[in-house]
Amino acid sequence: MTELAGSMVDSQESRRGPFRRMVVLGDSIAYGMCAHQPENEWVQVFSGLLRKFQDAELDVRNQGLPAGVISPRCPGYDESAKPSLIERYERHCITLQPDLVIIAEGLNDMRSGMPVQDFAADLEAIISDIQARTGALVVLVGIYHQVHGCGVNNPIENPAWARWDSDFARIYNLAIRQVAEKRRAIFVDTLAVLGGADWVLNPDCCHLNDLGHVVVGNAVFQSIATDCPVTGDKVLHQINDLGVSIANTGGTDTSSEIQMLWKQAAVRFGVEL
């Protein structure tokens, strides 16, 4: 890993867009695990929305590695899938020269009890290097909702991955937010978005089900869409090209009575239907 943190590209430059190559780094949930329908995987939900609204083609490279951790100093490293993120991000991200990088890392590190200061330091080192060597916009996805004591989070059956509680999860989530603020990345507060709803989880008490994936995918898109003006370019072009207005839109699934009432009222607003 090179020492390039001091030459980070300015956040406004990195948000140039439209985005043409996206790399996703993370764990099994980023990989799409436990989404029964592939189109519901949160990466697919997000990328589908971005393709729909931005005015450019998007190449997606999902590099999420199930059972992965951030670095060898994570207590869960021995039982994790190798290599760790800090050992692979150059090959799996920087060499691809993306302009958008989404990092959903921290869940397995939290679950295996990695000290939060060590995790935050490793995460910041990875982000600063990616920013310096690619100029990409970096998006950090926070910790997902979990249920402790059941499924793969059962400390009796899976002690290596159940060294956490809800307070520790919130601390991890806050640490990811703080790293995002420091590196001027976008933070997606997944823990808040999922709202502690157990029904967004697979019965293993850890992975998101189809509903959870869709909720997260929409949240990632919302965070980027409201931060990057280029995501509105396609819509603005359509408004101009098609003459989109209040006179020629809406009304889907409305009754004939509602349509007539609006037609009568529209005259008062100078609208001809």
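Above this text sits the structure in question.
Our subject in this report is the structure included herewith. (Residues numbered from 1 in each chain as written. Predicted model: local features only at pLDDT ≥ 70, side-chain atom pairs only at ≥ 80, totals over all residues. Heavy atoms only, no water.)

Some thoughts on the packing of helix α3 (residues 42-53) against helix α9 (residues 210-225)
Each pair of packed helices can be summarised by the angle the axes make with each other and by the distance between the axes.
Phase 1: The N-to-C vectors of α3 and α9 enclose an angle of 40 degrees; their axes lie 7 Å apart at closest approach. The orientation of α3 with respect to α9, classified from their angle, is oblique. Considering the relative orientation of α3 and α9, their crossing is right-handed. On α9, the residues that touch Trp-42, Val-45, Phe-46, Leu-49, Leu-50 and Phe-53 of α3 are His-213, Val-214, Val-216, Gly-217, Asn-218, Val-220, Phe-221 and Ile-224. (Axes fitted to C-alpha atoms, helices over the stretch in contact; angles between N-to-C directions. Helix = DSSP H or I, 4+ residues; strand = E, 2+ residues; numbered from the N terminus. Parallel < 35°, antiparallel > 145°, perpendicular 65-115°, else oblique. Left-handed = near helix turned anticlockwise from the far one by under 90°. Contact = heavy atoms within 4.5 Å.)

With respect to the nonpolar core
Phase 1: Core analysis: the largest hydrophobic core is formed by 73 residues, its most contacted members being Trp-42, Ile-103, Ile-130, Leu-140 and Tyr-144.
Phase 2: Sequence-distant contacts of Trp-42, defined by excluding residues within four places in its chain, comprise Val-24, Ile-29, Ala-30, Ile-102, Ala-104, Val-141, Tyr-144, His-213, Val-216, Gly-217 and Val-220. (Core = buried A, V, L, I, M, F, W, Y, C linked by side-chain atoms within 4.5 Å. Buried < 20%, exposed > 50% of the residue type's maximum accessible area, 1.4 Å probe, protein only.)

Topic: the sheet that holds strand β5 (residues 186-188)
Phase 1: Pairing within the open sheet is parallel, and its five strands lie in the order β2-β1-β3-β4-β5. Of all strands in the sheet, those with a lone pairing partner are β2 (59-62) and β5, marking the two edges. Put simply, the sheet's adjacent strands are angled 15 degrees from each other on average, direction ignored.
Phase 2: On top of the sheet, helix α6 (residues 116-134) reaches β1 (21-26), β3 (100-104) and β4 (137-141); it is set at about 155 degrees to β4, its chief contact. (Pairing = 2+ DSSP bridges.)

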